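Fold and contact review
Okay, here's what each chain looks like letter by letter:
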Amino acid sequence: MRDALLLLTASAVMVAGLWAWRRWHYPSFWLALGFPIVALSVRASWRRVALGCGLTKKRQRWWFTTVPGAIASTGLVKVRRRFQRVAVDTKPFMWLPLPTRHGWRVTLHTLEGQTPGDYADAAERLAHSWGVHAVRVSSPRPGRVVLMATMRDPLVTVAQLPASPELLKVTVGRLETGQPWVIDFRTVPHWLNAGATQSGKSNLANALIVGLAPQPVALVGFDLKGGVEFTPYSPRLSALATSRAESVGLLADLVGLMTDRMGLCRQAGARNIWQLPPAIRPVPLVVLIDELAELYLMADKSEKDEIAKTSTALLRVAQLGRAFGLYLFCCGQRIGSDLGPGVTALRAQCSGRICHRVNDPETATMTLGDLDPAALVSARAIASETPGVAIVASQDGQWYRARSFYVTEATAEHAAHTHAHLAPAWDEITAHLPESITA
Ligand SMILES: Nc1ncnc2c1ncn2[C@@H]1O[C@H](COP(=O)(O)OP(=O)(O)OP(=O)(O)O)[C@@H](O)[C@H]1O
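Note that the structure is predicted; figures quoted are calculated from it, not measured. (Residues numbered from 1 in each chain as written. Predicted model: local features only at pLDDT ≥ 70, side-chain atom pairs only at ≥ 80, totals over all residues. Heavy atoms only, no water.)

What follows covers the overall build of the protein chain. Each helix and strand in the protein chain was counted, giving 15 helices and 16 strands. Computed over C-alpha atoms, the radius of gyration of the protein chain comes to 28 Å, more than 25% over the 22 Å expected from 2.2 N^0.38 for 439 residues, which places it beyond the range of a compact globule. Seen through its C-alpha atoms, the protein chain measures out along the principal axes to roughly 110 × 50 × 50 Å. Expressed as a percentage of its 439 residues, the buried residues of the protein chain come to 49%. Contacts in the protein chain between residues far apart in sequence, at least 24 positions, make up 65% of those at least 6 positions apart. (Helix = DSSP H or I, 4+ residues; strand = E, 2+ residues; numbered from the N terminus. Rg over C-alpha atoms; globule rule 2.2 N^0.38 Å. Buried < 20%, exposed > 50% of the residue type's maximum accessible area, 1.4 Å probe, protein only. Contact = heavy atoms within 4.5 Å.)

Right, dumping it as structure tokens:
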């Protein structure tokens with residue numbers, strides 16, 4: 001019976017392999033030999049693995065068992081086989097593994113009382129048992145979990161940045177599942193991008209600039225590192241603030257712009273700018289902030305007022321900006337409550353979270369917040385040899401390991417110069433604002 005099942009499984013995985021080959025043109029070795037062997041060994045060892053990883057449940061079953069019987073004339077105890085109810089370990093039902101680009105995936109039926117969290121807790125144990133790089137858990141519907149195994153780290157090398165033709169949507173890298181890592185501002189309007197120095201934050205901002213530069217959007221920069229990061233991209237930026245004083249003015253403009261767009265939407269009976277007719281729809285605006293902490297740090301008390309204004313304005317943009325086409329991408333080495341209550345409130349508004357390599361667990365905790373604790377462990381494990389690798393809280397509500405495409409400053413600068421003619425002038429954008437705001 002067991003052999004027949006294995007034979008059936010082998011034939012099915014061969015068919016699955018052929019299908020995958022036709023679809024993705026797999027290397028024939030993995031298809032013809034590697035995957036069927038792996039799939040068979042996964043199926044064959046599932047009982048032991050599930051038992052070892054604590055994923056089985058005791059169930060009462062009718063079973064033939066051996067029980068001691070009468071004492072024979074030789075003095076030995078006779079044994080009898082009896083059909084009786086006993087508690088046996090039951091494993092979750094496993095479907096056939098299917099090949100994926102970087103390994104395989106398999107669907108399981110959860111046992112009563114189990115949740116996807118139980119499988120997520122066991123993911124590391126499963127990865128070690130199967131000898132794979134990582135196992136990720138998702139749950140497409142109640143009662144089912146999908147285990148996605150990656151054979152080796154797919155983030156060691158990632159390909160080149162592809163074109164991003166869709167408005168406000170940029171493919172910035174690759175997820176460890178092999179899928180593209182997409183930053184879609186219309187789905188997740190505000191993002192926090194944290195990481196220690198040399199962890200790849202600016203590289204990600206470069207990827208965004210290259211992706212957004214050919215699109216009909218206005219880009220606004222806040223570069224409190226004295227402008228060293230964003231000044232080379234100024235041809236494509238509609239406005240750039242490089243000091244605290246300039247930031248206060250630019251943020252006041254942004255708040256004014258938001259209020260103006262609110263009025264426009266109200267008059268047209270629209271809930272957001274996307275419901276306005278294209279002829280009167282204002283241009284969407286992506287605000288890139290490098291070194292967020294610089295906006296909040298206070299050298300002496302004289303800066304208190306400026307910081308309060310900055311903090312309030314930025315929070316208002318984060319709270320109300322989405323409907324009026326204002327999107328935030330905030331980068332920083334440390335984004336914590338020690339910078340003041342403004343940062344904590346801003347963080348709560350940013351549902352997109354990216355955590356590169358960090359130096360301390362608190363930064364990972366502050367960035368990834370209340371995500372699965374495994375995400376924090378993963379963030380802490382990012383090696384300094386792999387800049388650009390990050391933990392991303394994605395729009396599907398899950399977290400992923402991902403790596404941005406390598407985009408040099410020269411590439412971003414070239415994109416900024418090539419598409420400079422698409423940068424709307426700031427005076428044009430703010431033309432309707434009252435003098436008191438733009439002054
Ligand atoms: N995705 C990537 N792939 C390969 N190399 C990368 C990647 N991202 C960054 N790097 C490398 O890491 C270096 C540091 O990256 P980056 O300047 O983006 O870090 P950072 O976090 O902005 O540092 P800082 O805070 O000091 O400005 C870059 O010079 C680049 O060579």
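Looking now at helix α10 (residues 341–349). All buried positions along α10 are accounted for by Gly342, Val343, Leu346 and Arg347. The buried residues of α10 occupy an angular sector of 135° when the element is viewed end-on, so they sit on one face. Of the residues in α10, the exposed ones pointing more than 90 degrees away from the buried face are Pro341 and Ala348. Structurally, α10 contributes buried residues whose contacts are with β9 (190–194), α8 (293–296), α9 (304–320), β13 (326–332), β14 (352–355) and α11 (361–368). (Arc of directions from axis to C-beta.)

The next thing to look at is the site of the ligand. Surrounding the ligand, one finds 17 residues, the nearest of these being Thr197, Gln198, Ser202, Asn203 and Ser404. The side chain of Lys225 places a nitrogen or oxygen atom 3.3 Å from an oxygen atom of the ligand. Contact with the protein chains covers 79% of the free accessible surface of the ligand, which is 630 Å². For the shell around the ligand, the elements supplying multiple residues, two or more each, are α6 (201–212) and β16 (399–404). A total of three residues in the shell around the ligand trace back to one element, the largest contributor, which is α6. Taken together, the residues of the shell around the ligand break down into four nonpolar, nine polar and four charged. (Near = heavy atom within 4 Å. Polar contact = N/O pair within 3.5 Å; in protein donor to acceptor, adjacent residues only side chain to side chain. Areas by Shrake-Rupley, 256 points an atom, 1.4 Å probe, with all protein chains shown as cover. Nonpolar A, V, L, I, M, F, W, Y, C, P; charged D, E, K, R; others polar.)

Most of β16 sits inside the fold, with six of its six residues counted as buried. By the alternation rule, side chains of β16 split into Trp399, Arg401 and Arg403 and Tyr400, Ala402 and Ser404, which are all buried. Both strand β7 (residues 169–175) and β16 contribute to a ladder of three bridges, which runs antiparallel. Residue pairing in the sheet places Gly173 in a bridge with Ser404 of β16. (Pairing = 2+ DSSP bridges.)

We now examine the pattern of salt bridges. Evaluated as defined, the whole model comprises eight salt bridges. For Glu166, the salt bridge is made with Lys169, and the minimal N-O distance between the two is 3.6 Å. Take Glu166: its relative accessible area is 48%, and that puts it in the partly exposed class. Residue classification places Lys169 among the partly exposed positions, given a relative accessible area of 26%. Sharing partners across several salt bridges, the network here consists of Arg136, Asp153, Glu176 and Arg401. (Salt bridge = Lys/Arg side-chain N within 4 Å of Asp/Glu carboxyl O.)

Once that is clear, we can look at the UniProt feature "domain: FtsK" (unreviewed entry) in the protein chain. Mapped onto the present numbering, the UniProt feature "domain: FtsK" (unreviewed entry) falls at residues 178–365. With 38% helix and 20% strand, the stretch residues 178–365 has end C-alpha atoms that lie 26 Å from each other. (UniProt positions renumbered as here; feature names shortened; annotations may be inferred.)

Right, let's get into unusual backbone geometry. In this model, Leu168 sits at a positive phi of 60°, which is unusual for a non-glycine residue. Exposure remark for Leu168: the relative accessible area of 0% places this residue in the buried category.

A few words now on the sheet that holds strand β3 (residues 98–100). Pairing is antiparallel across the open sheet formed by four strands, whose spatial order is β3-β4-β6-β5. Among the strands making up the open sheet, the edge pair consists of β3 and β5 (134–138). Here the strands of the sheet are splayed against their neighbours by 30° on average, with no regard to which way each runs. The pairing of β5 with strand β6 (residues 144–150) spans five bridges and is classified as antiparallel. Bridge pairing in β6 places Val135 opposite Ala149. (Axes fitted to C-alpha atoms, helices over the stretch in contact; angles between N-to-C directions.)

For the rest of this paragraph, the subject is the packing of helix α7 (residues 244–268) against α9. Here α7 crosses α9 at 35°, and the two axes come no closer than 9 Å. You can see that α7 and α9 cross each other, and the crossing is left-handed. Residues Arg244, Ala245, Val248, Leu251, Leu254, Val255, Met258 and Met262 of α7 form the contact with α9, whose own contacting residues are Glu306, Ile307, Lys309, Thr310, Ala313, Leu314, Arg316, Val317 and Leu320. Tallied by class, the residues present in the contact of α7 with α9 amount to 12 nonpolar, one polar and four charged. (Left-handed = near helix turned anticlockwise from the far one by under 90°.)

The subject of this paragraph is the side chain of Thr430. Tracing the backbone shows Thr430 in the loop between α14 (426–429) and α15 (435–438). Since its relative accessible area comes to 4%, Thr430 is described here as buried. A distance of 2.7 Å separates a polar side-chain atom of Thr430 from the backbone oxygen of Trp426.

Let's shift gears to the side chain of Arg357. As for its placement among the helices and strands, Arg357 is situated in the loop between β14 and α11. Despite its burial, Arg357 pairs with no opposite charge; the closest candidate is Glu385, at 7.8 Å N-O. A distance of 3.1 Å separates the side chain of Arg357 from the backbone oxygen of Thr197, its partner in a polar contact. Here the side chain of Arg357 touches Gln198 through a polar contact of 3.4 Å, landing on its backbone oxygen. Excluding residues within four positions of it along the chain, Arg357 makes contact with Gly195, Ala196, Thr197, Gln198, Ser199, Ile382, Ala383, Ser384 and Val389. (Lys, Arg positive; Asp, Glu negative; His and termini not counted.)

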